[in-house]
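Tertiary structure, described
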Amino acid sequence: MTKMKSEILITGATGNTGQATLKRLIENNVPVRAMVRVLDERSKALEEKGVEVVQGDFSDYFAVKKALRGIKRAYFCYPFKDGLPKAATYFAKAAKENGVEVIIAMSQMNVHDRSSSPATQNHLAAEDIFNWSPVPVVHIRPGLFAWNYLSMAGPTIKQEGKFYFPNLDAKYTIVHPQDIGDVVANLLVSDHIELHYGKTYELAGPRTYTSHELVKELGELLEKETEYVPIPVEHWIENVKQDPYINDFLAKHLKEFSNDIKQGLFDKNNDHVATLTGHEPRAFSTFVKENIQAFQ
Ligand SMILES: NC(=O)c1ccc[n+]([C@@H]2O[C@H](COP(=O)([O-])OP(=O)(O)OC[C@H]3O[C@@H](n4cnc5c(N)ncnc54)[C@H](OP(=O)(O)O)[C@@H]3O)[C@@H](O)[C@H]2O)c1
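Residues numbered from 1 in each chain as written. Predicted model: local features only at pLDDT ≥ 70, side-chain atom pairs only at ≥ 80, totals over all residues.

The name an unreviewed UniProt entry assigns to the protein chain is NAD-dependent epimerase/dehydratase family protein, from the organism Flagellimonas allohymeniacidonis.

Shown next as structure tokens:
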């Protein structure tokens, strides 16, 4: 069987939103290439699903250029690590040289120019780099990933029925990773992608939560007594630093991130998921049910 040529590239392909985007594209039989940082059992699993896998590190310009060869549309998803502006510069330059039609770029809902978070500053710089590049871009700015709650709430809800989180007295929106994957996948195959060029889409879940409301919903779903325990931001950061995913760079971001929640930067509702995917955004409860073993 001759394999169809992939004209779509997914970066961050072994990560949350990369996986969710690939899932949707594979289900729709769209030929796709994935750039992975390392070749391992995860990249092998992708190959077994028919994905063309290329190895490439964002910090290696020539690897990125090779990954983009023959590609028309690409999803750029840089991890929560330092180095995003350089990666965006390499990606934009390699995309231009390969005649890429459009880049769908992951950013975050709380991008603003007064932030002292290195992650937010980097996202802002990367957005500018893509805006200045001749290759059209579509920016994706999601709210809090539901995935965060596997580590932020899962272990303590499971063991003690408690969710330790700063008292931010604010509402925030939580987005299901598959909704992000569906948005990115739909844009990547859109027949009218030019209508989205230069647009920025904030992605929200179906409702916003205070921490009290969130824990109440968790308790109802798990049918157990649950309690929200407000703690100082510094204690919360010390707690979450136990998670190996939380590198120093991300830990520095968390303080500013909690301040952004407090300022209401995640208190947003919109219909972008629905208009870009044709379905309503998935509820946080759907994510919890799908990952119930992490909470119970
Ligand atoms: N968490 C949130 O609430 C939230 C909200 C809004 C926006 N965001 C943004 O979402 C992005 C993260 O997305 P995600 O959660 O889908 O990603 P993720 O799950 O953290 O995965 C990151 C991916 O990037 C790959 N990667 C890491 N270093 C690389 C390198 N040097 N070169 C090439 N690939 C590399 C990883 O591969 P390995 O696994 O092999 O390292 C992995 O596939 C961040 O930019 C963050 O700011 C997050």
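So much for the structure itself; the text now carries on.
Side note on the overall build of the protein chain
Secondary structure summary: the protein chain contains 13 helices and 12 strands in total. Over its C-alpha trace the protein chain gives a radius of gyration of 19 Å, about what one expects of a compact globule, namely 19 Å for 296 residues. By principal-axis analysis of the C-alpha atoms, the protein chain measures approximately 55 × 45 × 35 Å. Taken across its 296 residues, the protein chain has 43% of its residues classed as buried. The long-range fraction of contacts in the protein chain, counting pairs at least 24 apart against all pairs at least 6 apart in sequence, stands at 78%. (Helix = DSSP H or I, 4+ residues; strand = E, 2+ residues; numbered from the N terminus. Rg over C-alpha atoms; globule rule 2.2 N^0.38 Å. Buried ≥ 20, exposed ≤ 12 C-beta atoms within 10 Å, placed from the backbone. Contact = placed C-beta atoms within 7 Å.)

Considering the sheet that holds strand β11 (residues 208-209)
The strands making up a sheet associate through hydrogen bonds between their backbones, and the pairing can be parallel or antiparallel. If you walk across this open sheet you meet the 3 strands as β7-β9-β11, and the pairing is mixed. Each of the sheet's edge strands pairs with one partner strand only, and the pair in question is β7 (144-145) and β11. (Pairing = 2+ DSSP bridges.)

Considering the sheet that holds strand β4 (residues 73-76)
Spatially, β3-β2-β1-β4-β5-β6-β10 is the arrangement adopted by the 7 strands of the open sheet, whose pairing is parallel. Of all the strands in the sheet, just β3 (52-55) and β10 (200-203) have a single pairing partner and so form its edges. Recorded for the sheet is a direction-independent mean angle of 20° between the axes of neighbouring strands. Bridge count for β4 against strand β5 (residues 102-106) is 4 bridges, and the pairing is parallel. Residue pairing in the sheet places Y75 in a bridge with I104 of β5. (Axes fitted to C-alpha atoms, helices over the stretch in contact; angles between N-to-C directions.)

Concerning helix α4 (residues 84-97)
An α-helix turns once per 3.6 residues; consequently, residues spaced three or four apart project the same way. Between the first and last C-alpha of α4 there are 20 Å, a value that for 14 residues agrees with the 20 Å anticipated at 1.5 Å per step. Where α4 is concerned, the buried positions are L84, A87, A88, Y90, F91, A92, A94 and A95. In the core, the buried residues of α4 are packed alongside α3 (61-67), β4, β5 and α5 (118-132). (Expected span 1.5 Å × (residues − 1).)

Comments concerning the site of the ligand
Taken together, 23 residues surround the ligand, and among them G12, G15, T17, P79 and F145 come closest. Contributing elements (two or more residues each) for the shell around the ligand: α1 (16-27) and β7. If you tally residues by element for the shell around the ligand, the top one is α1, at 3 residues. By residue class, the composition of the shell around the ligand is 12 nonpolar, 9 polar and 2 charged. (Near = placed C-beta within 6 Å. Nonpolar A, V, L, I, M, F, W, Y, C, P; charged D, E, K, R; others polar.)

Structural notes on the packing of α5 against helix α11 (residues 248-262)
Between α5 and α11, the least distance of the axes is 7 Å, while the angle of their chain directions is 95°. Classified by the angle between their axes, α5 and α11 sit roughly perpendicular to one another. The segment α5 lies against α11, with P118, A119 and T120 engaging F249, L250, K252, H253 and E256. Each residue belonging to the contact of α5 with α11 can be placed in one class, and the counts come to 4 nonpolar, 2 polar and 2 charged. (Parallel < 35°, antiparallel > 145°, perpendicular 65-115°, else oblique.)

Remarks on unusual backbone geometry
Backbone geometry at N29 places phi at a positive 55°, although glycine is not the residue there. Looking at N29, the number of C-beta atoms within 10 Å reads 9, which means it is exposed. In this structure, D169 is a non-glycine residue whose phi angle is positive, near 50°. Positionally, D169 belongs in the loop between β8 (162-166) and β9 (172-175). Overall, the presence of 11 C-beta atoms within 10 Å leaves D169 in the exposed class.

Details of the environment of E194
Among the structural elements, E194 can be located in the loop between α8 (177-189) and β10. The exposure class assigned to E194 is exposed, which follows from the 11 C-beta atoms found within 10 Å. Each C-alpha atom, one on E194 and one on F62, is 28 Å from the other, the two residues being 132 residues apart in sequence.

What about the nonpolar core?
Counting residues in hydrophobic clusters, the biggest one holds 80 residues, and the most contacted among them are F76, I103, I104 and I140. The greatest single-element share of this core, amounting to 8 residues, is contributed by α4. In this structure F76 touches T11, F91, I103, I104, A105 and M106, once residues within four positions along its chain are discounted. (Core = buried A, V, L, I, M, F, W, Y, C linked by C-beta atoms within 7 Å.)

Quick notes on the pairing of β3
Side-chain positions along a regular strand alternate between the two faces of the sheet. Taken together, the 4 bridges between strand β2 (residues 33-36) and β3 define a ladder with parallel strand orientation. When the bridges of β3 are listed, A34 appears paired with V53. This β-α-β element, β2 to helix α2 (residues 41-48) to β3, shows right-handed connectivity. (Right-handed = clockwise from strand over helix to strand, strands pointing away.)

A look at the pairing of β9
Side-chain alternation along β9 places Y172 and I174 on one buried face and T173 and V175 on a second face that is also buried. Bridge count between β9 and β11: 2 bridges; the pairing is antiparallel. Looking at the pairing, Y172 lines up with Y209 of β11.

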